[in-house]
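This is what each chain is made of:
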Number of protein chains: 2
Amino acid sequence: MPRRPAYDRESALSRAISLFWEKGYHGSSMKQIEEALDMRPGSIYATFGSKDGLYLEALTRYAAAGGSELAEHMADYDSIVDGLQDYLRNIAVSCTQKGVAPSRACLIVKTLLESSNIHAGLSEQAQAILKAIEQSFEELLEQAKERGELKERTKPDRLARLLQSQIMGLRSIAERNLPDEELVGLGEDMAQILDAYRA
Amino acid sequence: MPRRPAYDRESALSRAISLFWEKGYHGSSMKQIEEALDMRPGSIYATFGSKDGLYLEALTRYAAAGGSELAEHMADYDSIVDGLQDYLRNIAVSCTQKGVAPSRACLIVKTLLESSNIHAGLSEQAQAILKAIEQSFEELLEQAKERGELKERTKPDRLARLLQSQIMGLRSIAERNLPDEELVGLGEDMAQILDAYRA
DNA sequence: TTATAACTTGAATGACCATTCAAAAACAGA
DNA sequence: TCTGTTTTTGAATGGTCATTCAAGTTATAA
């Protein structure tokens, strides 16, 4: 009986991520969203409820993709610390590749900074996501410690936060349009921070 | 002959900094600016030209204040590395103090992330300011190296970038509303990164 | 006191904002 | 083919955006 939607929800969200990531929350108008998703306002509102609803769903999907990416990356490594070091290096390298991502900075951090003090819903969601990411780093580091990769005095929760702040700093500073080799060097220097924690 | 302005330009800019720092560029409407500066649109436009003009001037003044703060802080230290380590620790501590600053994140970084891809003027100004800050770190580290505080293989330009990214990460992650002790611990961990570069 | 120049005011501007909704179109089952 | 339900469309909504400007106000110098 019912007519089925013409759009593909997944591809709509993927386009929304690109737009929001590139231009931010306030920088993305409904007009631009309509064009990016190739949907008219009625369909967008029927599907996602509001601009905020779409943004929240896009942000959550972006975070989930990032989580999968981390898990897939780590699967290639026997040593967790080696894996995390290369993870940092890879971020720096990927920031040098133009046209791959809509922005070098992290969408979650962009959201956190843009929404703080003015949009509680977005800010809380960004905070919750970052907390979950920190937790997944902490679990990895806990595991690394159990395996004897890390010094006994290493606190996985503290190192997890240090690691997260490295990534936030790296991807934020990448918006400065530094020469490629400087960004890659910075990724290397950040990776080497972890050496101080090795057993 | 001429009537003199009723407002105080410096205090107007200081109020503008507070508002922009708290709410961001898009989050601060002209109506809010009028209220914060206690000025009517005509006066604001006659004085600063436009919202962008006001924002740029506020941003520049904010950066200048930050630069003075760094210089004053470093004046208290014989050892540059000690000074920089305490600088990081102090940032973390000041992020735990509520009601002091309008936001824990850095206004320059907020500007950089909010304006990238949508507002070339703001983005370029933020980039130029961050470059100047990096340079002042580099000069300090160059001096530290000459004094023998740092390992001979230390590259001041690379360490300056690493330092700047630490501050960006620290102040950004502070927007997550972490418990005070966790933020202070992170500041300490960041300070200790510098130990690896000591001679 | 008067003339003059600068500053302040606040209503008006047109553009753009997110959102709504009635009508048209399209599909699935009978 | 017809019916019923859902989706799509796009014009319309009311609000807010940054900005302008003519008129009113105020201080200074003559």
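Quick note: structure is the one above.
In what follows, the accompanying structure is described. (Residues numbered from 1 in each chain as written. Chains lettered and ligands numbered in written order. Predicted model: local features only at pLDDT ≥ 70, side-chain atom pairs only at ≥ 80, totals over all residues. Heavy atoms only, no water.)

## As for the overall build of chain A
- Helices and strands together make up the secondary structure of chain A, namely nine helices and zero strands.
- Its helices and strands taken in sequence order, chain A reads α-α-α-α-α-α-α-α-α from the N to the C terminus.
- Across its three principal directions, the C-alpha atoms of chain A cover 65 × 40 × 35 Å.
- In chain A, which comprises 199 residues, the proportion classed as buried is 51%.
- For chain A, contacts bridging at least 24 residues in sequence account for 69% of all contacts bridging at least 6. (Helix = DSSP H or I, 4+ residues; strand = E, 2+ residues; numbered from the N terminus. Buried < 20%, exposed > 50% of the residue type's maximum accessible area, 1.4 Å probe, protein only. Contact = heavy atoms within 4.5 Å.)

## Comments concerning the packing of aromatic side chains
Residue and element names in this part refer to chain A.
- If you walk through the whole model with that rule in mind, you get eight aromatic pairs over all chains.
- A centroid spacing of 5.2 Å and a plane angle of 80 degrees characterise the contact between tyrosine 25 and tyrosine 55, whose relative ring orientation is edge-to-face. Residue tyrosine 25 is found in the loop between α1 (9–23) and α2 (30–37), and its partner tyrosine 55 is found in helix α4 (residues 51–75); the two are separated by 30 residues along the sequence.
- Joined through ring pairs, the aromatic side chains of Phe20, Tyr25 and Tyr55 make up one cluster.
- It is lysine 51 that lies over the ring of tyrosine 25; its NZ or CZ is 4.4 Å from the centre. (Phe/Tyr/Trp six-rings, centres within 6.5 Å; stacked < 30°, edge-to-face > 60°. Lys NZ or Arg CZ within 6 Å of the ring centre and 35° of its normal.)

## A word on the environment of glutamine 97 of chain B
All names here are of chain B.
- Looking at the secondary structure, you find glutamine 97 in the loop between α5 (80–96) and α6 (107–115).
- You can call glutamine 97 partly exposed: its relative accessible area is 43%.
- Distance from glutamine 97 to aspartate 180, taken between C-alpha atoms, is 8.7 Å for residues 83 residues apart in sequence.

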